[in-house]
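# Reading the structure
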Amino acid sequence: DQQVKQNSPSLSVQEGRISILNCDYTNSMFDYFLWYKKYPAEGPTFLISISSIKDKNEDGRFTVFLNKSAKHLSLHIVPSQPGDSAVYFCAASLSGAGSYQLTFGKGTKLSVIP
Amino acid sequence: SQTIHQWPATLVQPVGSPLSLECTVEGTSNPNLYWYRQAAGRGLQLLFYSVGIGQISSEVPQNLSASRPQDRQFILSSKKLLLSDSGFYLCAWSVVDRDYNEQFFGPGTRLTVL
């Protein structure tokens, strides 16, 4: 049973446009969400996170939106750049000391076309 | 600043041979440590985590084991590799006793079992 789902395995976007990556989760206990970016043959890099007490968190070109009622979050990248081409993983966890597990989606491969 | 090292970067091993992958973290004390595996076309699967020296929790039953002989050293081992052990192995760390579990990943080891 996949608790975190990224239903789009790939996405192509023109340089300068907005990239929107989506993620759905089924476990209503999750209250902290993260996005990671991964280049081939490298480890994932932490991008941005959001706790369930917020519905939006912004960091430069990256914004994460959380819709708790729909159990859905999205990552917006504006404007998209060729260097953003990578696999993006959504992850969810429980907050609080003693919570160790991140549950990851399968990832979405973003290609930004120059 | 904190850095995390993994070696080797790539490894090709025959079926039935032993395995030892090493991970070390610099610039932090008493981190939580994690081993993940990314199999082809799949997300990140948590294999083991450790909250202290000698303390190992297993998330997935298999022929792999983990050990933490020192505070900032985490080792993944196997006595006899299977073909299904092929994948990309990632070590990660996080700060202990923090409400939000942001994990930071190493560069990974590509293991091919033939």
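Here goes a summary of the coordinates provided. (Residues numbered from 1 in each chain as written. Chains lettered and ligands numbered in written order. Predicted model: local features only at pLDDT ≥ 70, side-chain atom pairs only at ≥ 80, totals over all residues. Heavy atoms only, no water.)

## Side note on the overall build of chain A
In terms of helices and strands, chain A carries 0 helices and 11 strands. Seen in sequence order, chain A has helices and strands lined up from the N terminus as β-β-β-β-β-β-β-β-β-β-β. On the principal axes, the C-alpha backbone points of chain A span a range of 40 × 30 × 25 Å. The buried share of chain A, taken over its 114 residues, is 43%. In chain A, the proportion of contacts linking residues at least 24 apart, taken out of those at least 6 apart, comes to 54%. For chain A, the distance from the average position of its 11 positive side-chain charges to the average position of its 9 negative side-chain charges is 4 Å. (Helix = DSSP H or I, 4+ residues; strand = E, 2+ residues; numbered from the N terminus. Buried < 20%, exposed > 50% of the residue type's maximum accessible area, 1.4 Å probe, protein only. Contact = heavy atoms within 4.5 Å. Lys, Arg positive; Asp, Glu negative; His and termini not counted. Charge placed at Lys NZ, Arg CZ, Asp CG, Glu CD.)

## Topic: the interface of chain B and chain A
Put simply, an interface is often sized by how much accessible area is lost when its parts join up. Facing the 25 residues of chain B at the interface are 23 residues of chain A. With both chains or domains summed, chain B and chain A bury close to 1,900 Å², and 61% of this area falls on carbon and sulfur atoms. Three residues stand out in chain B for area buried against chain A, namely L44, Y100 and N101 of chain B, and they jointly supply 27% of the buried area on that side. Inspection of the region where chain B meets chain A yields 0 salt bridges. Linking chain B with chain A are 3 residue pairs in polar contact (both at pLDDT 80 or more). Looking at the side of chain B that touches chain A, the elements that each hand over two or more residues are β4 (32–38), β5 (44–52), β9 (87–94) and β10 (104–105) of chain B. The residue inventory of the side of chain B that touches chain A, partitioned by class, reads 12 nonpolar, 7 polar and 6 charged. (Buried area = accessible area lost by both parts, 1.4 Å probe. Salt bridge = Lys/Arg side-chain N within 4 Å of Asp/Glu carboxyl O. Polar contact = N/O pair within 3.5 Å; in protein donor to acceptor, adjacent residues only side chain to side chain. Nonpolar A, V, L, I, M, F, W, Y, C, P; charged D, E, K, R; others polar.)

## A few points about the pairing of strand β6 (residues 55–58) of chain B
Within a regular strand, the side chains alternate between the two sheet faces. Residues and elements named next belong to chain B. In this sheet, β6 lies alongside β5 in antiparallel orientation, the contact comprising 3 bridges. Residue G52 lies in a different strand from β6, and its bridge partner there is Q55. As consecutive antiparallel partners, β5 and β6 are separated by 2 residues, and within that stretch G54 has a phi angle of approximately 75°, a positive value. (Pairing = 2+ DSSP bridges.)

## So, the sheet that holds strand β1 (residues 4–5) of chain A
Residue and element names in this part refer to chain A. Here 5 strands make up an open sheet; going across it, the order is β1-β3-β8-β7-β6 and the pairing antiparallel. Each having just a single partner strand, β1 and β6 (56–59) make up the two edges of the open sheet. Bridge count for strand β7 (residues 62–67) against strand β8 (residues 72–77) is 6 bridges, and the pairing is antiparallel. Bridged to F62 within β8 is I77.

## Some points on the sheet that holds strand β1 (residues 3–7) of chain B
Residues and elements named next belong to chain B. The antiparallel open sheet is built from 4 strands, whose spatial order is β1-β3-β8-β7. One side of each edge strand has no neighbouring strand; the edge strands of this open sheet are β1 and β7 (64–70). The average angle at which neighbouring strand axes cross in this sheet is 20°, direction not considered. Pairing analysis gives 5 bridges linking β1 to strand β3 (residues 19–26), with the strands arranged antiparallel. Across the sheet, I4 pairs through a bridge with V25, a residue of β3. (Axes fitted to C-alpha atoms, helices over the stretch in contact; angles between N-to-C directions.)

## Description of the side chain of R68 of chain B
Residue and element names in this part refer to chain B. Tracing the backbone shows R68 in strand β7. When its relative accessible area of 2% is taken as the criterion, R68 is described as buried. Look past the residues within four positions of R68 in its chain and what remains in contact with it is N30, P31, N32, L33, S50, V51, G52, I53, G54, I56, Q73 and F74.

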